[in-house]
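Given next are the chains, with one letter for each unit.
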Amino acid sequence: MEIGIDSFAAASAKAGGTAEDSMQAIDELIERIVFADKAGLDVFGIGEHHRREFLDAAPTVLLAAAAAKTNRIRLTSAVTVLSAADPVRVFQNFATLDLISKGRIEMVVGRGSFTEAFPLFGLKLEDYDELFTEKLDLLLKIRANETVNWSGRFRPALHNQAIYPRPLQNPLPVWIGVGGTPASFVRAGTLGLPLMVAVIGGETHRFRPLVDLYRAAGKKAGHSPEQLTVGLHSLGYVANTTEEAVDDYYPGYAETFTRIGKERGWPPVTRSHFNAQTGMFGALLVGGPEEVAEKIKRHSEALGGISRLTFQMDNAGLSHKKLVQSIGLIGSKVMPLVNG
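Residues numbered from 1 in each chain as written. Predicted model: local features only at pLDDT ≥ 70, side-chain atom pairs only at ≥ 80, totals over all residues. Heavy atoms only, no water.

### Quick look at the side chain of Asp-127
Inference 1: In this structure, Asp-127 sits in the loop between helix 4 (117–120) and helix 5 (128–144).
Inference 2: Given the relative accessible area of 9%, Asp-127 is considered buried.
Inference 3: If sequence neighbours within four positions are ignored, Asp-127 has contacts with Arg-153 and Phe-154. (Helix = DSSP H or I, 4+ residues; strand = E, 2+ residues; numbered from the N terminus. Buried < 20%, exposed > 50% of the residue type's maximum accessible area, 1.4 Å probe, protein only. Contact = heavy atoms within 4.5 Å.)

Given below as structure tokens:
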């Protein structure tokens, strides 16, 4: 199993953080990606948001900086909000990144769990699914063909249009990022694209029927089981002991998700809720190396086998030092326990 990190490039936790604080946060993020490469992790992903608390509004720029300083780790988006982007520019950006990285770039495309990109780029939220469907179709046509003929509703048509540069990898890896919508799982399976499932709460095993839908749709469309790979994006953090991990992670986690909950109508986070999420079947991967490794293996078995697991750990206000320590433990202890 490939194991790595997803980051949303969290901004400084300081009230009224300055541009200098943002500069330091980005510098430390690149340091963590370089360290993850040296620690043996398989993949590092950068999200895309258009909010004050995140610095990942231009993820391909961050990935380019990381690509120039790393040697072996695969680099990906997590996710590219394709609904709010031009597929031509998305392809050109990632093809260029693939050349910079010498063939280590992937993209995970999705509709986005936040909605700020829609008004920002002049799009209507009621077109949420249609936008993604149409733009994914164009992206895949560009990936498969140097010269494209295409027409749709949301973008000017392309007539015998050649699109450059072309990536080193052929085809450039494209994953579909999904939450809990059954149609999204079916779409990914029908297209034969790898699936990245974001499970940030609840019990991971409850997603098994949706993963089964994905695999059934892929089989019906004639894709081989080897082509229908599943990845899992989970909130998590590894410390030397479970007690240390919980003490480090809980305060920031509670603050973040209580704040986001006010926007979405969720109740405030409680310690009992958190304890349930870090328990045997809960989604959070927070603990010591042995406990987290065992939980990853349980998650994989519950979902019928996963090929990739990514930790999202910079949403709890943890210091750069703590995040680096966690990445080191994942590389030196969790990965050998999972794959040994």
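### A look at unusual backbone geometry
Inference 1: Here Tyr-164 and Pro-165 are connected by a cis peptide whose omega angle stands at 0 degrees.
Inference 2: Among the secondary structure elements, Pro-165 is positioned in the loop between strand 7 (158–162) and strand 8 (174–178).
Inference 3: The phi dihedral of Lys-102 falls on the positive side, at around 60 degrees, and the residue is not glycine.
Inference 4: By the secondary structure assignment, Lys-102 is in the loop between helix 3 (87–101) and strand 5 (105–110).
Inference 5: On the basis of relative accessibility, which here comes to 69%, the residue Lys-102 falls in the exposed class.
Inference 6: In this structure, Asn-160 takes a positive phi of about 45 degrees despite not being glycine.

### Some details on the packing of helix 1 (residues 19–38) against helix 11 (residues 320–339)
Between two packed helices, the angle of one axis relative to the other and the distance separating the axes together describe the packing.
Inference 1: As a packed pair, helix 1 and helix 11 sit with axes 10 Å apart at the nearest point and diverge in direction by 15 degrees. Considering the angle they form, helix 1 stands roughly parallel to helix 11. At the point where helix 1 passes helix 11, the crossing takes the right-handed sense. In this structure, helix 1 contributes Glu-28, Glu-31, Arg-32, Phe-35 and Ala-36 to the contact, and helix 11 contributes His-320, Leu-323, Val-324, Ile-327 and Gly-328.
Inference 2: Split by residue class, the contact of helix 1 with helix 11 holds 5 nonpolar, 2 polar and 3 charged. (Axes fitted to C-alpha atoms, helices over the stretch in contact; angles between N-to-C directions. Parallel < 35°, antiparallel > 145°, perpendicular 65-115°, else oblique. Left-handed = near helix turned anticlockwise from the far one by under 90°. Nonpolar A, V, L, I, M, F, W, Y, C, P; charged D, E, K, R; others polar.)

### A few points about the pattern of salt bridges
Inference 1: Inspection of every chain in the model, using the stated rule, returns 21 salt bridges.
Inference 2: Among the ionic pairs, Arg-72 bridges to Asp-37, the shortest N-O distance being 3.8 Å. A residue pair is termed long-range when its members are at least 10 positions apart, and Arg-72 in the loop between helix 2 (59–67) and strand 3 (74–77) and Asp-37 in helix 1 qualify at 35 residues.
Inference 3: Residue classification places Arg-72 among the partly exposed positions, given a relative accessible area of 40%.
Inference 4: Between Arg-51 and Glu-53 there is a salt bridge, with its nearest N and O atoms 2.9 Å apart.
Inference 5: Within the structure, one salt-bridge network assembled from shared partners comprises Arg-51, Glu-53, Glu-116, Glu-255, Arg-259 and Glu-263. (Salt bridge = Lys/Arg side-chain N within 4 Å of Asp/Glu carboxyl O.)

### Regarding empty space enclosed by the protein
Inference 1: Scanning the model with the defined rule gives 1 cavity of 30 Å³ or more in all.
Inference 2: Of the volumes computed, that of the largest cavity is approximately 50 Å³.
Inference 3: Taken together, Ile-5, Asp-6, Ser-7, Arg-32, Phe-44, Met-313, Asp-314, Leu-323 and Ile-327 make up the lining of the largest cavity.
Inference 4: Contributions of two or more residues to the lining of the largest cavity are made by strand 1 (2–7) and helix 11.
Inference 5: For the lining of the largest cavity, the leading source of residues is strand 1, giving 3 residues.
Inference 6: Tallied by class, the residues present in the lining of the largest cavity amount to 5 nonpolar, 1 polar and 3 charged. (1 Å grid on protein atoms, 1.4 Å probe; cavity = no way out; pocket = protein on both sides within 12 Å on 5 of 7 lines; lining within 4 Å. Points joined across faces, edges and corners; volume = space filled by probe spheres on them.)

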